[in-house]
Amino acid sequence: MKSPVWRALALFTLAVVVIGMATDANAARRSALAGNYFIDDADDMFAFPQLYGQYQNMAIIDFAPSDGFSGDMGGNATLVWGGENHSFRVSTGRADMFSRSAMFSVGGFDRIYDWGLMGGMFPDFPEPRFTQWWDVGWATKLGDMPFGIGLTWLSDASKSDDGTNPPDPDDSYNNYNLQVGLSPFETLQLVAEFGIGGYSDDVEGTDGQNDWSTMNFNLTARGDIPNFAGLSWRYLGAFTYINYSPDNDAIDDQGIMNFRASFGPTFGTPGEWLVAGYMTFSYMSFTDDQAADSSDDDETFTMVDLPGYTLSGEYYLNNWFVVRAGVVSNYFFVTDEEGPAKDSDRFYSYTWTAGFGIDKDSFGLDFALNEDLLHSGYVLNGNLDDDAFAYITAWFNW
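The rules we used
Residues numbered from 1 in each chain as written. Predicted model: local features only at pLDDT ≥ 70, side-chain atom pairs only at ≥ 80, totals over all residues. Heavy atoms only, no water. Helix = DSSP H or I, 4+ residues; strand = E, 2+ residues; numbered from the N terminus. Buried < 20%, exposed > 50% of the residue type's maximum accessible area, 1.4 Å probe, protein only. Contact = heavy atoms within 4.5 Å. Areas by Shrake-Rupley, 256 points an atom, 1.4 Å probe, with all protein chains shown as cover. Phe/Tyr/Trp six-rings, centres within 6.5 Å; stacked < 30°, edge-to-face > 60°. Lys NZ or Arg CZ within 6 Å of the ring centre and 35° of its normal. Patch = residues over 30% accessible without salt bridge, like charges linked within 9 Å, V, L, I, M, F, W, Y side chains within 5 Å. Salt bridge = Lys/Arg side-chain N within 4 Å of Asp/Glu carboxyl O. Pairing = 2+ DSSP bridges. pLDDT = per-residue confidence, 0-100.

Student: Help me understand the overall build of the protein chain, please; the structure alone is not making it clear to me.
Tutor: Helix and strand counts for the protein chain come out as 6 helices and 16 strands. Looking at the protein chain residue by residue over its 398 residues, the buried ones come to 50%. Considering only contacts in the protein chain between residues 6 or more positions apart, those separated by 24 or more positions represent 61%. When the accessible surface of the protein chain is totalled, it reaches about 17,500 Å², and 58% of it is carbon and sulfur.

See the structure below:
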């Protein structure tokens, strides 16, 4: 049985903000703020589609250092436009599209592997597929309530025949993800997300094929308490479930359930300075239902984050230049049960982030320094493997 620390670190890469990963999912501003959920950012609209209207008539282009898998430059782009009653979004290249609100809720929204939840969470899943076909959204108002829908469709297929008998294997992958967001009050944002997917792989030399199916579900609420004990407060609560299920009885079913709750104060004036800090409690459970012939070795892995702390802030040195910094601190309790065996452990994680931005009226550049290089020394120790020194976002509005 793998040690609980090993398993915890595997889940940790997607459950909390992790330094040193390729970033394809989020603007540099939030990365510089240590992934802080309580400081409003344009990337909130990817988790809450009803917010498209707040960021309409805007173009966002994200850049990132090369990822550790393909060596290609990461990045993505989004265009949001509209009028008084309707807003539309079209995006390309975002790696969080498999389960966008779920990634936000589990804390991996601003730093995730560009191969997504399936490859990171479920190691037995076939070769990760993240080919985008459609990534769009629409928002309007139901009376006075902002309402939005986000839709992503991932699809690819491969078929070949070299003239031999049997022919080469064929395979295909599809994933459909739907978000529905509503803000019943100015101080409350709600979203529900549901996604399904499937992967089929014709096996060369056999009469059949291997099929896998996926399902993800998420409910998230984020709200404000404007005046409590003389301060402004924010809160977030979320539930996520993700399942991977092969049709082949010889391959394990796997699932993840996560609950997260955060609460803390916010301070400042947008455009001048902002500070937000909060405490987080999270519970994550990973289950691995073994094949029928080894059902006595079913595995359950749990990880509790108590307490988790996030503190971030930004300050405008003048009317166009802003500096940012943040820290994340987590204490984890982990338990790994496999058959009759049970292992437990605890560990602590702490990291800091930094960045800066150029913020003009209709154009801006945000930089989140590549912390892995920043912490270790970029030139001094000869670490020149990455193609950029920072995560960079350019944005335009009109």
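Student: What is the right way to look at the packing of aromatic side chains in this model?
Tutor: Aromatic ring pairs are described here by two measures, namely the spacing of the ring centres and the angle between the planes. For the structure on display, the rule yields 19 aromatic pairs. Here Phe228 and Trp233 contribute two aromatic rings whose centre-to-centre distance is 6.0 Å and whose plane-to-plane angle is 70°, an arrangement assigned as edge-to-face. Pairwise contacts between aromatic rings join Tyr37, Phe38, Phe48, Phe104 and Tyr278 into one cluster. The lysine or arginine in question, Arg94, covers the ring of Phe46, its NZ or CZ lying 3.6 Å from the ring centre.

Student: Honestly, a nonpolar patch on the surface in this entry has me stumped. Any pointers?
Tutor: On the surface, Ile61, Phe63, Leu79, Trp81, Phe88, Val90, Phe396 and Trp398 cluster together into a nonpolar patch covering about 730 Å² of accessible area. At the level of elements, strand E1 (58–66), strand E2 (73–82) and strand E3 (87–92) are the ones that each hand at least two residues to the nonpolar patch. Among the secondary structure elements, Phe396 is positioned in strand E16 (residues 390–397). Looking at Phe396, the relative accessible area reads 34%, which means it is partly exposed.

Student: Where do I start with the pattern of salt bridges in this structure?
Tutor: Pairs can form between side chains of opposite charge whenever their charged atoms are close. Summed over all chains, the structure comprises 12 salt bridges. For Asp41, the salt bridge identified is with Arg29, shortest N-O distance 3.0 Å. Residue Asp41 is located in the loop between helix H2 (28–32) and helix H3 (44–47), and its partner Arg29 is located in helix H2; the two are separated by 12 residues in the primary sequence. The residues Asp41 and Arg29 share a single accessibility class, namely buried. Across the pair Asp43 and Arg94 runs a salt bridge whose closest N-O atoms are separated by 3.8 Å.

Student: Would you take a moment to explain unusual backbone geometry for this structure?
Tutor: Excluding glycine, residues mostly carry a negative phi; peptide bonds, for their part, are mostly trans. Cis rather than trans, the peptide bond between Leu306 and Pro307 has omega equal to -5°. Positionally, Pro307 belongs in strand E12 (residues 299–316). Phi angles above zero are rare outside glycine, and Asn57 is one such case at about 55°. Relative to the elements of secondary structure, Asn57 occurs in the loop between H3 and E1. The class for Asn57 is buried, based on a relative accessible area of 18%. Of note in this structure, Ala229 is not a glycine but carries a positive phi near 55°.

Student: Help me understand the pairing of strand E4 (residues 132–142), please; the structure alone is not making it clear to me.
Tutor: On any regular strand, side chains alternate: one points to one face of the sheet, the next to the other face. Both E3 and E4 contribute to a ladder of 4 bridges, which runs antiparallel. Across the sheet, residue Ser87 finds its bridge partner in E4, namely Ala139. Taken together, the 10 bridges between E4 and strand E5 (residues 145–158) define a ladder with antiparallel strand orientation. Each bridged residue has a counterpart across the sheet, and for Lys141 the counterpart in E5 is Pro146.

Student: Looking at this structure, how should I read the environment of Leu231?
Tutor: Assignment of secondary structure puts Leu231 in strand E9 (residues 231–246). Sequence separation between Leu231 and Gly264 is 33 residues; the distance between their C-alpha atoms is 9.9 Å. Look past the residues within four positions of Leu231 in its chain and what remains in contact with it is Ile225, Pro226 and Phe267.

Student: When you look at the confidence of the model for the protein chain in this model, what are you seeing that I'm missing?
Tutor: Close inspection of predicted coordinates is inappropriate for parts of the model with low pLDDT. The predicted model of the protein chain has a mean per-residue pLDDT of 80, with 72% of residues at 70 or higher. Element-level mean pLDDT values for the protein chain span from 40 in helix H5 (residues 116–121) up to 96 in E3. Taken together, the stretch residues 9–26 has pLDDT below 50 and engages in 80 contacts with residues farther than four places along the chain or on a different chain. When the criterion is pLDDT under 50, residues 377–384 qualifies, and its contacts beyond four places in sequence or with other chains add up to 8 contacts.

Student: What am I meant to see in the pairing of strand E13 (residues 321–338) here?
Tutor: When E12 meets E13, the two strands line up antiparallel, connected through 16 bridges. In the sheet register, Tyr309 faces E13, and the bridge partner there is Ser329. With 18 bridges joining them, E13 and strand E14 (residues 341–359) adopt antiparallel strand pairing. From the neighbouring strand, Glu338 faces E14, where its bridge partner is Ala341. Counting the residues that bridge the hairpin from E13 to E14 gives 2 residues, and of these Gly339 lies at a positive phi of roughly 60°.

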